[in-house]
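Structural overview for review
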Amino acid sequence: MARHQGLSDSALLRHLIDTMLQAGNAANRVSTDGWASRVSRLSVRLRADDQSLLRERAAARGMPTATYVSILTRVHLRSLSPLPKEELLGLKRAVAELGSIGRNLNQIARAANQGQLVTSPGRDDLKAMLRICEALRDHVKGLLVANLKSWEHGSA
């Protein structure tokens, strides 16, 4: 069996022991409400062409195949549309930029309300900031729609 799998006898034995220990740990990790913990495993048989699609879509998301399948299952069961790390980081950066613009505008408004001389930004500057905020809003909306479509219909 070891030679058939391209392993040494000791490597196969180690693999078998690890597998048995993991199975024992998973069986022992049941929470008080009867649900298995996150480490429970499930084996699934796929057709070769489905396996290829699965690998492609997982790679497009920058995820291991098993993680992608786990997320797809969770999404389907709970009717969610998750954001992968890359997309979530992009949204967090956008929110940080909007926060920065908001802080700057608050400082300008505070100074103007206290009667201080405010020379900038002018009307044109404010219009430009508004256009930037609207473009960012539209971009985030587009990102969310694309994310939802990609989870529903494959990579978009």
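Let me sum up the structure you'll find in this document.

The rules behind these values
Residues numbered from 1 in each chain as written. Predicted model: local features only at pLDDT ≥ 70, side-chain atom pairs only at ≥ 80, totals over all residues. Heavy atoms only, no water. Axes fitted to C-alpha atoms, helices over the stretch in contact; angles between N-to-C directions. Helix = DSSP H or I, 4+ residues; strand = E, 2+ residues; numbered from the N terminus. Parallel < 35°, antiparallel > 145°, perpendicular 65-115°, else oblique. Contact = heavy atoms within 4.5 Å. Nonpolar A, V, L, I, M, F, W, Y, C, P; charged D, E, K, R; others polar. Expected span 1.5 Å × (residues − 1). Patch = residues over 30% accessible without salt bridge, like charges linked within 9 Å, V, L, I, M, F, W, Y side chains within 5 Å. Areas by Shrake-Rupley, 256 points an atom, 1.4 Å probe, with all protein chains shown as cover. Salt bridge = Lys/Arg side-chain N within 4 Å of Asp/Glu carboxyl O. Buried < 20%, exposed > 50% of the residue type's maximum accessible area, 1.4 Å probe, protein only.

Before going further, it helps to examine the packing of helix α2 (residues 48–60) against helix α3 (residues 65–78). With their axes 9 Å apart at the nearest point, α2 and α3 run at an angle of 90 degrees to one another. In terms of orientation, α2 and α3 fall into the roughly perpendicular class. Where α2 abuts α3, its residues L54, R55, R57 and A58 lie against T65, Y68 and V69. Partitioning the contact of α2 with α3 into residue classes produces 4 nonpolar, 1 polar and 2 charged.

Let us look at α2. With 13 residues, α2 extends 18 Å between its outermost C-alpha atoms, agreeing within 8% with the 18 Å of an ideal straight helix rising 1.5 Å per residue. G62 occupies a position one or two residues after α2 and carries a positive phi of about 70 degrees.

So, on to α3. With 14 residues, α3 extends 20 Å from end C-alpha to end C-alpha; this agrees with the ideal 20 Å at 1.5 Å per step. Of the residues flanking the end of α3, it is S79, one or two places downstream, whose phi is positive at about 55 degrees.

Together, L13, I17 and L21 make up an exposed nonpolar region whose accessible area comes to about 290 Å². Note on placement: L21 falls in helix α1 (residues 9–28).

Before going further, it helps to examine the pattern of salt bridges. This model, assessed by the stated rule, comprises 1 salt bridge. Between R137 and D138 there is a salt bridge, with the nearest N and O atoms lying 3.1 Å from each other. You can call R137 partly exposed: its relative accessible area is 43%.

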